[in-house]
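Results of the structural survey
Listed here are the chains, written in short residue letters.
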Amino acid sequence: MTNSGSRLTENNPHPELPHFQELLDGTDWASLATPYGTGESLPAALTRLLDLDPAVREAAAKDSLDEVTHQNSIYEATVPVALYVAAILNHPATAAGEHTHKADLRKLCPTTRETLLDWLGNTAYDADDETIAVGERHFDEDFLDACPDMRAFRDLRPLIYTAVQPFLTDDNAKVRDAALVAAIPLIEHHALIRHRNELADHAHRLLSTSTDRRKRDRTLDALNAWGHDTSTLENVHNIAVRELRTRMEDHDSWWASNGTGGCAEDPPF
């Protein structure tokens, strides 16, 4: 990856996120695999994430982030891109509002910061504990050994979290929500579990204000996993999803018992 990346994970027990330019210049991008070849074109696209023109930043996000993510997989180039994204989160350019005209209506689009946080969160979910558990069930217990890029990303979760955490209290509600959803899978790292109570407070705030289905679902799942009672925090959509899951679990349970000589009554659906 990068020389600075090695120092972060191997020689420094309390690492700090390098400056984004150091990451950009110190990485041999052309040697790193992406879903579509190598990362040779990434430096130019990553640099444009800080352009003054919002349209340029929007295109750069697509060119750089989509270039290293495909089918929920972590690639060689994904890890240094994640570090770079974390390093530029506090850059003023990422907070600039972006507007587009559509059907004569002025629509506020996500800031670059929100987009970057969403991407970090999605990438962290692609490498979370549940993903590892599924991999080990379907392959073997050495799943992570066969996925060194995923392991590398997981090792850097504390470092990435230091960049995400300040935005849990951002003035922009959408940025706050994106930061929370990104932080949830990051704190699965053993060094970050102590932050659960802090995130639980932010989770209650999100669930009392946000109607974003994906963010609500992920936040409720986290609170449930942490042992919180979420019954009073659900909206109509959340209740419908929970009831559907219950019916599906009952269905699977019925088929499992019926297939092994269990109850022969009609399934409960």
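Here's the deal with the overall build of the chain
- Looking only at helices and strands, the chain features 13 helices and six strands.
- Out of the 269 residues belonging to the chain, those deemed buried represent 42%.
- Contacts in the chain between residues far apart in sequence, at least 24 positions, make up 59% of those at least 6 positions apart.
- By element, 51% of the accessible surface of the chain is carried by carbon and sulfur atoms, the whole surface being about 14600 Å².

Some thoughts on the environment of aspartate 212
- Within the secondary structure layout, aspartate 212 lies in the loop between helix 11 (196-209) and helix 12 (213-225).
- Overall, aspartate 212 belongs to the partly exposed group, its relative accessible area being 32%.
- As a C-alpha pair, aspartate 212 and lysine 174 span 38 residues in sequence and 9.8 Å in three-dimensional space.
- From its side chain, aspartate 212 meets the backbone nitrogen of arginine 214 in a polar contact 3.1 Å long.

Some points on the confidence of the model for the chain
- Across the chain, the average pLDDT comes to 85, with 77% of residues at 70 or higher.
- Contacts of residues 1-13 to residues separated by more than four positions or lying in other chains number 22 contacts, the stretch itself having pLDDT below 50.
- Note on residues 261-269: pLDDT is under 50 here. Beyond four places in sequence and across chains, it has eleven contacts.

Concerning the side chain of histidine 202
- Within the secondary structure, histidine 202 sits in helix 11.
- Note on histidine 202: relative accessible area 13%, which makes it buried.
- Contact partners of histidine 202, with chain neighbours within four places excluded, come to Leu168, Thr169 and Leu180.

Re the nonpolar core
- The biggest cluster of nonpolar side chains holds 67 residues, and the ones touching the most others in it are Val81, Ile160, Val164 and Leu199.
- Every residue in contact with leucine 199, bar those within four places of it in the chain, is listed here: Tyr161, Leu168, Leu180, Ala183, Ile184, Ile187 and Trp226.

Comments concerning the packing of helix 11 against helix 12
- Taken N-terminus to C-terminus, the directions of helix 11 and helix 12 make an angle of 140°; their axes are 10 Å apart at the nearest point. As summarised for this structure, helix 11 and helix 12 are arranged oblique, according to the angle between their axes. Crossing geometry of helix 11 relative to helix 12 is assigned as left-handed. Between helix 11, through Ala200, Ala203, His204, Leu206 and Leu207, and helix 12, the contact on the second element is made entirely by Lys215, Arg216, Thr219, Leu220 and Leu223.
- For the contact of helix 11 with helix 12, a count of residues per class yields six nonpolar, two polar and two charged.

What about helix 9 (residues 157-164)?
- In terms of burial, helix 9 is a largely internal element, six of the eight residues being buried.
- Of all the residues in helix 9, the buried ones are Arg157, Leu159, Ile160, Tyr161, Ala163 and Val164.

Observations regarding helix 6 (residues 112-126)
- Here helix 6 spans 21 Å end to end across 15 residues, near enough to the 21 Å set by a 1.5 Å rise per residue.
- Of all 15 residues in helix 6, 13 are buried, a share of seventy percent or more.

Some points on the packing of helix 5 (residues 78-88) against helix 6
- Running from N to C, helix 5 and helix 6 point in directions that differ by 140°, and their axes come no closer than 10 Å. Note that helix 5 runs across helix 6; the crossing there is left-handed. Every residue of helix 6 that contacts helix 5 at Thr78, Val81, Ala82, Val85, Ala86 and Ile88 is listed here: Leu116, Trp119, Leu120 and Thr123.
- Of the residues in the contact of helix 5 with helix 6, the class split is eight nonpolar, two polar and no charged.

Quick notes on the pattern of salt bridges
- Following the criterion strictly, the structure yields eight salt bridges and no others.
- Salt-bridge contacts for aspartate 118 lead to arginine 214; the nearest nitrogen and oxygen are separated by 3.5 Å. Of this pair, aspartate 118 sits in helix 6 while arginine 214 sits in helix 12, placing them 96 residues apart in sequence.
- Members of the salt-bridge network, linked through shared partners, are Asp118, Asp212, Arg214 and Lys215.

Description of a negative patch on the surface
- Together, Glu136, Asp140, Glu141 and Asp142 make up a region of like negative charge exposed at the surface.
- Along the chain, glutamate 136 turns up in helix 7 (residues 129-138).
- We classify glutamate 136 as partly exposed; its relative accessible area is 33%.

Brief notes about the packing of aromatic side chains
- Per the counting criterion, the structure on display carries two aromatic pairs.
- Pairing phenylalanine 20 with tyrosine 84 gives two aromatic rings, centres 6.1 Å apart and planes at 90°, and the pair type is edge-to-face. Of the two residues, phenylalanine 20 is situated in helix 2 (residues 20-25) and tyrosine 84 in helix 5; the sequence distance between them amounts to 64 residues.
- Stacked on the ring of tyrosine 125, the Lys or Arg arginine 218 has its end atom at 3.9 Å from the ring centre.

Each value, and the rule that gives it
- Residues numbered from 1 in each chain as written.
- Predicted model: local features only at pLDDT ≥ 70, side-chain atom pairs only at ≥ 80, totals over all residues.
- Heavy atoms only, no water.
- Helix = DSSP H or I, 4+ residues; strand = E, 2+ residues; numbered from the N terminus.
- Buried < 20%, exposed > 50% of the residue type's maximum accessible area, 1.4 Å probe, protein only.
- Contact = heavy atoms within 4.5 Å.
- Areas by Shrake-Rupley, 256 points an atom, 1.4 Å probe, with all protein chains shown as cover.
- Polar contact = N/O pair within 3.5 Å; in protein donor to acceptor, adjacent residues only side chain to side chain.
- pLDDT = per-residue confidence, 0-100.
- Core = buried A, V, L, I, M, F, W, Y, C linked by side-chain atoms within 4.5 Å.
- Axes fitted to C-alpha atoms, helices over the stretch in contact; angles between N-to-C directions.
- Parallel < 35°, antiparallel > 145°, perpendicular 65-115°, else oblique.
- Left-handed = near helix turned anticlockwise from the far one by under 90°.
- Nonpolar A, V, L, I, M, F, W, Y, C, P; charged D, E, K, R; others polar.
- Expected span 1.5 Å × (residues − 1).
- Salt bridge = Lys/Arg side-chain N within 4 Å of Asp/Glu carboxyl O.
- Patch = residues over 30% accessible without salt bridge, like charges linked within 9 Å, V, L, I, M, F, W, Y side chains within 5 Å.
- Lys, Arg positive; Asp, Glu negative; His and termini not counted.
- Charge placed at Lys NZ, Arg CZ, Asp CG, Glu CD.
- Phe/Tyr/Trp six-rings, centres within 6.5 Å; stacked < 30°, edge-to-face > 60°.
- Lys NZ or Arg CZ within 6 Å of the ring centre and 35° of its normal.

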